[in-house]
Amino acid sequence: MSRRGPIREVRLWDPLLRGFHWLLAFFVIAAWCLGQFGPAKMTLHFWCGYVVAGLLIFRLVWGFVGPPPARFAHFVRGPGAVARYMRSMFLPEPSHWPGHNPLGALSVIVMLAVLAAQVTTGLISDPDDYINVGPLASYVSSATRSKAVGWHNLGASIILILVLLHVAAVLFYRFWKREDLVSPMINGRKAIREE
Amino acid sequence: MRLILIAAALAAVPLASFAQDDPAKQAVKARQGFYQMLAINMGTLAGMAKGDIAYDEAAASRAAANIEALTQYDMPALFIEGSSSADTEGTAAKPDIWTNSEDFQAKFAGLGEAASGASEAVKGGQGNIGPVVGKLGAACKACHDSYREKS
């Protein structure tokens, strides 16, 4: 690792990004639970989906015009950087990484992409129950709108795995690497090491 | 030459009718016809509930009466052995229907309950259709969630 500079605390995550993160977490979990256990008429699940869609659009825009730590160009790295990061990842010491590390960046991109796909398949789903038909289902073929239900179900399982992986990673950093990633996402401040 | 062709064509007849007589295939066809009839009438009611189709009391009541009648048919009997998605092409009927057949019957009975009285309930204004569609749709969903193959 070439990061050998001094450690200092900076304002890393801007308020909008933090708001985005927690709203996304809330509405994804709400949508997921409503989908699995909610009432037969899924009006609330639909609204959660619309909010998630709005949040994803915000994140996409913010990834280009937001502060540097929020920008895709700033944190999306090639496989070489990911491999280099993974080599030191299991050291029981804080990463002091100034933002999304190269592996975390991959997880960010995968999560955003899967959620975008999930919103899309939800919008075009027709489960043949006449009460939970996606608002854009009539714009696709009947074969597509019934297949979309299957994709939407598969998406729910993938999202569950991704969320559990995300929480597991946070716990791994907290208890193995002794680095708190939750507080920075709440107050924006994180101890980082400059290059 | 002609004779040979005719003979070959005639010889193929029993084969073709054998395929059509496959009880599992026939059961699947009958089930899908049943659901298609259900779908046409549900489409009328759902369309009126959403306002895509102008409310017509007589047409709504007729569609609802059709659904009531359909749900009185002994449809679960069409789920004969060997006609699940694991055994037959072109069906979304999960094998769970056969392993949980009591629950499957109960879910179909639930559709019957949701439909009962529908032909009267949809009369008296467009606003009365929504709750009926809601009840029927919930019964559709309950069964699809457990027993219909997801794509």
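Residues numbered from 1 in each chain as written. Chains lettered and ligands numbered in written order. Predicted model: local features only at pLDDT ≥ 70, side-chain atom pairs only at ≥ 80, totals over all residues. Heavy atoms only, no water.

S.K.: Help me understand the pattern of salt bridges in this model?
M.R.: Two side chains bearing opposite charge may form a pair once their charged atoms approach each other closely. Counted according to the given criterion, the structure contains eight salt bridges over all chains. Residue R189 of chain A pairs with E9 of chain A through a salt bridge whose shortest N-O separation is 2.8 Å. Taken together, the positions of R189 of chain A in strand β2 (residues 189-193) and E9 of chain A in strand β1 (residues 7-11) put the pair 180 residues apart, joining distant regions of the chain. Among the ionic pairs, K25 of chain B bridges to D22 of chain B, the shortest N-O distance being 3.8 Å. (Salt bridge = Lys/Arg side-chain N within 4 Å of Asp/Glu carboxyl O. Helix = DSSP H or I, 4+ residues; strand = E, 2+ residues; numbered from the N terminus.)

S.K.: Which parts of the structure should I look at to understand the packing of aromatic side chains?
M.R.: Each aromatic ring pair is summarised here by two numbers: the centre-to-centre distance and the angle between the ring planes. All names here are of chain A. Scanning the entire structure with this criterion turns up 16 aromatic pairs over all chains. Seen in terms of ring centroids, F20 and F58 are 5.9 Å apart; in terms of plane orientation they differ by 40 degrees. Their pairing is tilted. Separated by 38 residues along the polypeptide, F20 in helix α1 (residues 15-37) and F58 in helix α2 (residues 43-65) bring together distant segments of the chain. With relative accessibility at 8%, the residue F20 sits in the buried group. (Phe/Tyr/Trp six-rings, centres within 6.5 Å; stacked < 30°, edge-to-face > 60°. Buried < 20%, exposed > 50% of the residue type's maximum accessible area, 1.4 Å probe, protein only.)

S.K.: Help me understand the nonpolar core, please; the structure alone is not making it clear to me.
M.R.: It is characteristic of soluble globular proteins that their nonpolar side chains tend to be buried jointly. Among the nonpolar cores identified, the biggest contains 32 residues, and L45, I67, V122, I129 and L136 of chain B are the most heavily contacted of them. For this core, the element with the most residues is helix α7 (residues 129-147) of chain B, which contributes seven residues. Residue contacts for I129 of chain B: discarding those within four places in its chain leaves L45, M48, A49, Y55, A60 and V122 of chain B. Counting 20 residues, the second-largest nonpolar core is a separate cluster that includes L55, V108, L115 and L162 of chain A. (Core = buried A, V, L, I, M, F, W, Y, C linked by side-chain atoms within 4.5 Å. Contact = heavy atoms within 4.5 Å.)

S.K.: Please explain the interface of chain B and chain A as it appears in this structure.
M.R.: By a widely used convention, the size of an interface equals the accessible area lost when the partners come together. Residue-level contacts link 14 residues of chain B with 13 residues of chain A. Contact between chain B and chain A buries roughly 1,100 Å² in total, counting both sides, with carbon and sulfur atoms accounting for 67%. Where chain B meets chain A, there are one salt bridge. Here D128 of chain A and R148 of chain B are joined by a salt bridge, their closest N and O atoms 3.1 Å apart. Counting only elements with at least two residues in the side of chain B that touches chain A, the list comes to α2 (23-50) and α7 of chain B. It is α7 of chain B that contributes the most residues to the side of chain B that touches chain A, seven residues altogether. Residue composition of the side of chain B that touches chain A, grouped by class: six nonpolar, five polar and three charged. (Buried area = accessible area lost by both parts, 1.4 Å probe. Nonpolar A, V, L, I, M, F, W, Y, C, P; charged D, E, K, R; others polar.)

S.K.: Explain the UniProt feature "domain: Cytochrome b561 bacterial/Ni-hydrogenase" (unreviewed entry) in chain A to me, please; I cannot follow it from the model alone.
M.R.: As recorded in UniProt, the sites labelled "domain: Cytochrome b561 bacterial/Ni-hydrogenase" (unreviewed entry) are residues 13-188 of chain A. Between the end C-alpha atoms of residues 13-188 of chain A there is a gap of 5 Å, over a span that is 70% helix and 0% strand. (UniProt positions renumbered as here; feature names shortened; annotations may be inferred.)

S.K.: Looking at this model, I keep getting lost on unusual backbone geometry. Mind explaining?
M.R.: The general pattern is negative phi for most residues beyond glycine and trans for most peptide bonds. Residue and element names in this part refer to chain A. Its identity is not glycine, yet D128 carries a phi of approximately 60 degrees, on the positive side. Note on placement: D128 falls in the loop between α5 (102-123) and α6 (142-175). Using a relative accessible area of 30% as the deciding quantity, one classes D128 as partly exposed. Even without being glycine, Y130 reaches a positive phi, approximately 65 degrees. Structurally, the position occupied by Y130 is in the loop between α5 and α6. Looking at Y130, the relative accessible area reads 23%, which means it is partly exposed.

S.K.: Sorry if this is basic, but what is going on with helix α5 (residues 101-115) of chain B here?
M.R.: Residues and elements named next belong to chain B. An ideal rise of 1.5 Å per residue puts 21 Å on 15 residues; α5 measures up with 21 Å between its terminal C-alpha atoms. Looking at α5, one finds that the buried residues are F104, F108, L111, G112, A114 and A115. Buried residues along α5 sit in contact with α2, α3 (57-72), α4 (96-99), α6 (118-121) and α7. Where α5 ends, the next residue or the one after it, G117, has phi of about 85 degrees, a positive value. (Expected span 1.5 Å × (residues − 1).)

S.K.: What is the right way to read the environment of A109 of chain B from this model?
M.R.: Inspection of the secondary structure puts A109 of chain B in helix α5. Considering only alpha carbons, one finds A109 of chain B and D74 of chain B, 35 residues apart in sequence, at a separation of 9.8 Å.

S.K.: Please clarify how the UniProt feature "transmembrane region" (unreviewed entry) in chain A should be interpreted in this entry.
M.R.: Under the present numbering, the feature "transmembrane region" (unreviewed entry) in UniProt falls on residues 20-38, 44-65, 103-124 and 154-176 of chain A. Between the C-alpha atoms that bound residues 154-176 of chain A there is a distance of 32 Å. The span itself is 96% helix and 0% strand.

S.K.: Would you mind showing me how to read the state of the cysteines here?
M.R.: Simply put, the disulfide is a covalent bond whose two ends are the sulfur atoms of two cysteines. All names here are of chain B. If you walk through the whole model with that rule in mind, you get zero disulfides over all chains. Left without a disulfide partner, C140 is nearest to the cysteine sulfur of C143, which lies 8.9 Å away. By relative accessible area, which is 13% here, C140 ends up buried. (Disulfide = S-S within 2.5 Å.)

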